[in-house]
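Single-letter residue listing:
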Amino acid sequence: MSKPIALIDCNNFYVSCERVFDPPLNGKPVIVLSNNDGCAVSRSAEAKALGIKMGVPLFKIKDLVKTAGVIVRSSNYALYGDLSARVDAVLSQFSPRIENYSIDESFLDLTDLPQTTDLHAFGTTIRATVLRWTGIPTCVGIGLTKTLAKLANHIAKTAERTPGHYPPEHAQVCHLGGLGAAEREALLASTDVGEVWGVGPRLRAQLQAQGVNTALDLARLSPAIARAHWGVVLERTVRELQGTPCMDLEDVPSPKKQIACTRSFGQPVLQLADLREAITEFACRAAEKLRRQNSHAAQVLAFVRTSPFRATPQYSQSVIVPLRTPCADSAAITRAALLALEAIYQPGYVYAKAGVMLLDLQPAGWPQAELDWDEADASASGGVHASERLMQAIDRIHQ
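Residues numbered from 1 in each chain as written. Predicted model: local features only at pLDDT ≥ 70, side-chain atom pairs only at ≥ 80, totals over all residues. Heavy atoms only, no water.

Enquirer: Which residues make up the overall build of the chain, and what values go with them?
Expert: Of the regular secondary structure elements, the chain holds 15 helices and twelve strands. Considering only C-alpha atoms, the chain reaches an extent of 75 × 55 × 45 Å along its principal axes. Taking all 399 residues of the chain together, 45% fall into the buried category. In the chain, of all internal contacts separated by at least 6 residues, the share reaching a separation of at least 24 is 65%. (Helix = DSSP H or I, 4+ residues; strand = E, 2+ residues; numbered from the N terminus. Buried < 20%, exposed > 50% of the residue type's maximum accessible area, 1.4 Å probe, protein only. Contact = heavy atoms within 4.5 Å.)

Enquirer: Hey, could you go over the nonpolar core for me, with residue numbers and the actual values?
Expert: In terms of nonpolar packing, the biggest core is built from 35 residues, with L275, I279 and L358 touching the most fellow members. Within the residue set of this core, elements represented by two or more residues are β9 (259–269), α12 (272–292), β10 (295–306), β11 (316–327), α13 (330–344) and β12 (351–363). With residues near it in sequence (within four places) discarded, L358 still touches Q258, I259, A286, A287, L290, A297, Q299, V300 and I333. (Core = buried A, V, L, I, M, F, W, Y, C linked by side-chain atoms within 4.5 Å.)

Enquirer: Residues and numbers for the side chain of S34, please.
Expert: By secondary structure assignment, the location of S34 is in the loop between β2 (30–33) and β3 (40–43). The contact partners of S34, leaving out residues within four places of it in the chain, are C39, V41, S75 and Y77.

Enquirer: So what's going on with the sheet that holds β10? Which residues, and what values?
Expert: Taken in spatial order, the four strands of this open sheet run β9-β12-β10-β11, and their pairing is antiparallel. Two strands in the sheet have a free side with no partner beyond their single neighbour: β9 and β11. On average, each strand axis in the sheet is tilted by 15 degrees relative to the strand beside it, whichever way the strands run. (Pairing = 2+ DSSP bridges. Axes fitted to C-alpha atoms, helices over the stretch in contact; angles between N-to-C directions.)

Enquirer: Give me the lowdown on the pattern of salt bridges, citing residues and values where you can.
Expert: Evaluation of the coordinates by the stated rule reveals 20 salt bridges. Between D82 and R86 there is a salt bridge; the shortest N-O distance is 2.9 Å. Taken together, the positions of D82 and R86, both in helix α4 (residues 77–91) and four residues apart, correspond to about one turn of that helix. Accessibility expressed as a relative area gives 35% for D82, which makes it partly exposed. Among the salt bridges present, the one from R97 reaches D248, with a minimum N-O distance of 3.9 Å. (Salt bridge = Lys/Arg side-chain N within 4 Å of Asp/Glu carboxyl O.)

Enquirer: Residues and numbers for the sheet that holds strand β4 (residues 71–74), please.
Expert: Read from one edge of the open sheet, three strands run β3-β2-β4, paired in mixed fashion. Each of the sheet's edge strands pairs with one partner strand only, and the pair in question is β3 and β4. Between one strand and the next, the sheet's axes are offset by a mean angle of 30 degrees, whatever the strand orientation. Where β2 and β4 come together, four bridges link them in parallel fashion. Note that in β4 the partner of I31 across the bridge is V72.

Enquirer: Help me get a handle on the environment of A311, residues and values and all.
Expert: The residue A311 is located in the loop between β10 and β11 in this model. A C-alpha to C-alpha distance of 44 Å links A311 and F107, two positions 204 residues apart in sequence.

Enquirer: Tell me about the pairing of β2, and name the residues and values.
Expert: Residues V30 and V32 line one face of β2 and the alternating positions I31 and L33 line the opposite face, and both faces are buried. The pairing of β2 with β3 spans three bridges and is antiparallel. The residue bridging V32 from the neighbouring strand is S42, located in β3. Counted between consecutive antiparallel strands, the loop separating β2 from β3 contains six residues, among which N36 sits at a positive phi close to 65 degrees.

Enquirer: Account for the side chain of T306, naming residues and giving values.
Expert: Following the sequence through the fold, T306 ends up in strand β10. Its relative accessible area of 4% is what places T306 among the buried residues. Side-chain polar atoms of T306 contact the side chain of Q314, separated by 3.1 Å. (Polar contact = N/O pair within 3.5 Å; in protein donor to acceptor, adjacent residues only side chain to side chain.)

Enquirer: I'd like a rundown of the packing of helix α10 (residues 223–230) against helix α11 (residues 232–241), residues and numbers included.
Expert: Axis separation between α10 and α11 bottoms out at 7 Å; the angle between their running directions is 155 degrees. Classified by the angle their axes make, α10 and α11 are roughly antiparallel. The element α10 and its partner α11 pack so that their crossing is right-handed. Contacts from P223, A226, R227 and W230 of α10 reach α11 at V232, L234, E235, V238 and R239. Of the residues in the contact of α10 with α11, the class split is six nonpolar, no polar and three charged. (Parallel < 35°, antiparallel > 145°, perpendicular 65-115°, else oblique. Left-handed = near helix turned anticlockwise from the far one by under 90°. Nonpolar A, V, L, I, M, F, W, Y, C, P; charged D, E, K, R; others polar.)

Enquirer: A description of the environment of R263 should follow, citing residues and the corresponding values.
Expert: Looking at where R263 falls in the secondary structure, it is placed in strand β9. Apart from the residues within four sequence positions on either side, R263 is in contact with A78, E281, F282, R285, A352, K353 and A354.

Dropping the structure here:
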């Protein structure tokens with residue numbers, strides 16, 4: 001049975017996060033760069049209007065940046081993660097089932113709403129509330145399947161960004177399920193098939209070669225033909241465009257197979273002491289994420305590297321330190337990460353990035369082949385249960 005699904009997508013998310021804490025950036029062309037300040041990974045509407053493309057290397061647009069007064073910011077993933085969590089907390093007020101599809105996109109299950117609910121007005125309320133409580137602008141797409149919700153969101157964004165492509169009433173919020181068949185088909189006919197979720201450039205070219213040029217053409221394609229020529233994935237897409245749900249919300253995400261905490265430095269780092277401080281912070285943050293998904297790690301990887309964009313000697317190295325017993329203890333993980341750092345650090349290099357990765361993850365309840373603590377650990381902390389209580393206390397303090 002079909003049920004309404006909403007996709008809430010944050011607009012120009014990294015730039016919007018920067019603007020929350022620096023309001024003078026509003027109305028100005030702003031770009032946020034990737035790790036090592038290499039490429040543009042988020043652009044304000046003003047920067048897009050200047051012709052700055054997603055992923056363009058900074059060195060290729062340095063003259064435009066200077067002449068047009070483009071403001072350039074290094075990425076701050078800690079900030080973006082925090083604001084993403086705040087947006088998610090707001091969205092949880094509107095639905096008990098949420099799938100965090102990415103850092104700036106979430107699906108909401110709207111099944112529990114009364115059937116008389118005006119879903120377009122409801123989407124408008126979601127958007128206004130997120131903006132008021134977090135400062136992050138969003139667009140909302142609503143449909144009877146995840147693919148239709150994703151397509152509705154694309155229409156909402158495009159109608160806001162490019163007036164004239166779609167009717168203005170669909171700007172910011174688009175509810176495909178609330179439209180008549182003719183109006184809905186007109187919107188799909190105005191949408192390139194490459195904008196459909198899951199249709200990449202290669203598949204788009206193959207579909208166009210067979211006369212499937214728009215989202216409406218794809219929706220009218222026989223599911224059997226889609227499967228015979230392109231496989232079960234496209235068949236599922238076709239069925240979803242026709243209103244048959246083939247993908248459920250994954251409101252309880254699967255545990256991650258590895259956990260990483262990395263960051264590019266805001267300024268060059270040369271000293272081991274500075275790297276130790278950074279690695280310690282990364283290890284503690286990674287351990288907290290590990291406990292959040294109720295897992296233990298058996299191996300700890302630490303890495304350092306210089307910037308390929310600086311005219312300095314290059315160096316990049318990593319090493320894995322196994323833990324005697326899989327755990328989620330911040331102290332044990334930090335000790336292992338610092339041991340790894342001591343092994344790979346080389347003086348004389350200008351370091352630009354470092355990080356910690358937790359590997360070989362397993363559920364916290366798995367039986368261990370040996371005791372969880374040795375004599376030294378027991379005398380210091382009172383055993384594994386005391387360690388767990390300590391970690392819980394630290395997590396509550398951080399929260």
